[in-house]
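# Observations on chain architecture
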Amino acid sequence: MRTAACRCGNTLFFRNLKCDACQRPVAFLADQLQISSLHQQGELWRADSLGVIPHEYRFCINSVQHQICNWVVPADNPEEYCMACRLNQVIPDLSIAENLPLWARLEEAKRHALYTLLTLGLRVRDREQCPKSGLAFKFLADKTADSEFTEPLHNQKPVLTGHANGVITINLAEADPIARVRIRHHLGEDYRTLLGHFRHEIGHYYWDIIIAGSSNLDEFRHLFGDERIDYAAALKAHYKSTLNIGDEFISAYASAHPWEDWAECWAHYLHMLDTLDTAEDFGVHLNNRLLHHRPKKEAADPVQVITSDFAAMLDDWLRLSVGLNALNRSMGMNDAYPFVITPPVREKLEFVHRVVQEHTYEA
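Computed from a predicted model, the values in this text were never measured in an experiment.

### Quick look at the environment of Ala 113
In this structure, Ala 113 sits in helix 2 (residues 99-120). When the C-alpha atoms of Ala 113 and Pro 78 are compared, they prove to be 25 Å apart, with 35 residues separating the residues in sequence. Among all residues touching Ala 113, those that are not within four sequence positions of it are Leu 195, Phe 198, Arg 199 and Ile 202.

Here it is as structure tokens:
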């Protein structure tokens, strides 16, 4: 995740709504993949950070009405919503005051996940562009906010976070840190975050787009297993099992079914890329060498393409993650990356890397 410089020189972060130093509004420019400060020109806003093209924009309606989005819409685009908010099919009931901050957390994690997809050059189409295969989100609640999501709503089925036919459903309870920690402990998970949820479920979405029916399907089945086995039965068996998963999987949940193994590896690949990108942005060095695995930008083209060698990227990630864990332990915190990348997992991650390269805008 990259930072940017405000017009005043202060550092801007991806989630900023304004510059903390000069109070200028701040927005993410999806057409330029840049964070920028803005200044007003009539009814429009012009990007003015160093290094950005000074195009004109309008704020997303979710920014105007709810102060919940910091992405903007190009002035020549008639849409009221930014490209991230246009993916929403259902949002939480905002007549319940407690839902607004929870929705804000969901939106922040969603935009972060989308940012990584855009920097990789993966196409992100909404349901209007592609009614059958476009990406969409539903943010639903099945618990009461007053009870920290511990009591179900009357006559309502539980909301299961998951993916089906391009639609990703996220239970609003995941945005409540207390509820999320309870679930993490109940399921015996070492890691459970909103960003992780989005990346995992988006992995299911891209399986349908870039693996199903493709020339990569045979290799997928060789590495991950045959996805045609009964999914419901596999999950049921997984939750009843207490067996050691061995070294073939990045997480216990990955062992449940080949689809879950793929989604977990996809999420970890994005974790790796994004964290290395952040480390490079802050000038982190390993063995007196700057980490450098950022997707490259072609001249006069906002599309990003991967050029990094996977072996070098993974080697740097292993070194960096060990350092991150050591730093967290120095602060008395849990490991930032409580996972082990074994040789079988490495093969799967490299497969994800290759198929992503094949399906950028340039492909």
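Moving on, there is more to tell.
### Thoughts on the sheet that holds strand 9 (residues 136-140)
Across the sheet, 4 strands lie side by side as 8-9-11-10; this open sheet has mixed pairing. Pairing within the sheet leaves two strands with one partner each, and these edge strands are strand 8 (88-90) and strand 10 (162-164). Put simply, the sheet's adjacent strands are angled 25 degrees from each other on average, direction ignored. Inspection of the sheet shows strand 8 paired to strand 9 by 2 bridges, in the parallel sense. When the bridges of strand 9 are listed, Asn 88 appears paired with Phe 137. Sitting on the sheet, helix 2 is in contact with strand 8, strand 9 and strand 11 (167-171), with an inclination near 155 degrees to strand 9.

### Some thoughts on the confidence of the model for the protein chain
Overall, the predicted model of the protein chain reaches an average pLDDT of 89, with 90% of residues at or above 70. Here strand 15 (residues 304-305) stands out as the least confident element of the protein chain, with mean pLDDT 44; helix 5 (residues 217-224) is the most confident, with 98. Residue range residues 145-150 is modelled with pLDDT below 50. Its contacts to residues more than four positions away, or to other chains, number 14 contacts. Taken together, the stretch residues 297-307 has pLDDT below 50 and engages in 32 contacts with residues farther than four places along the chain or on a different chain.

Each value, and the rule that gives it
- Residues numbered from 1 in each chain as written.
- Predicted model: local features only at pLDDT ≥ 70, side-chain atom pairs only at ≥ 80, totals over all residues.
- Heavy atoms only, no water.
- Helix = DSSP H or I, 4+ residues; strand = E, 2+ residues; numbered from the N terminus.
- Contact = heavy atoms within 4.5 Å.
- Pairing = 2+ DSSP bridges.
- Axes fitted to C-alpha atoms, helices over the stretch in contact; angles between N-to-C directions.
- pLDDT = per-residue confidence, 0-100.

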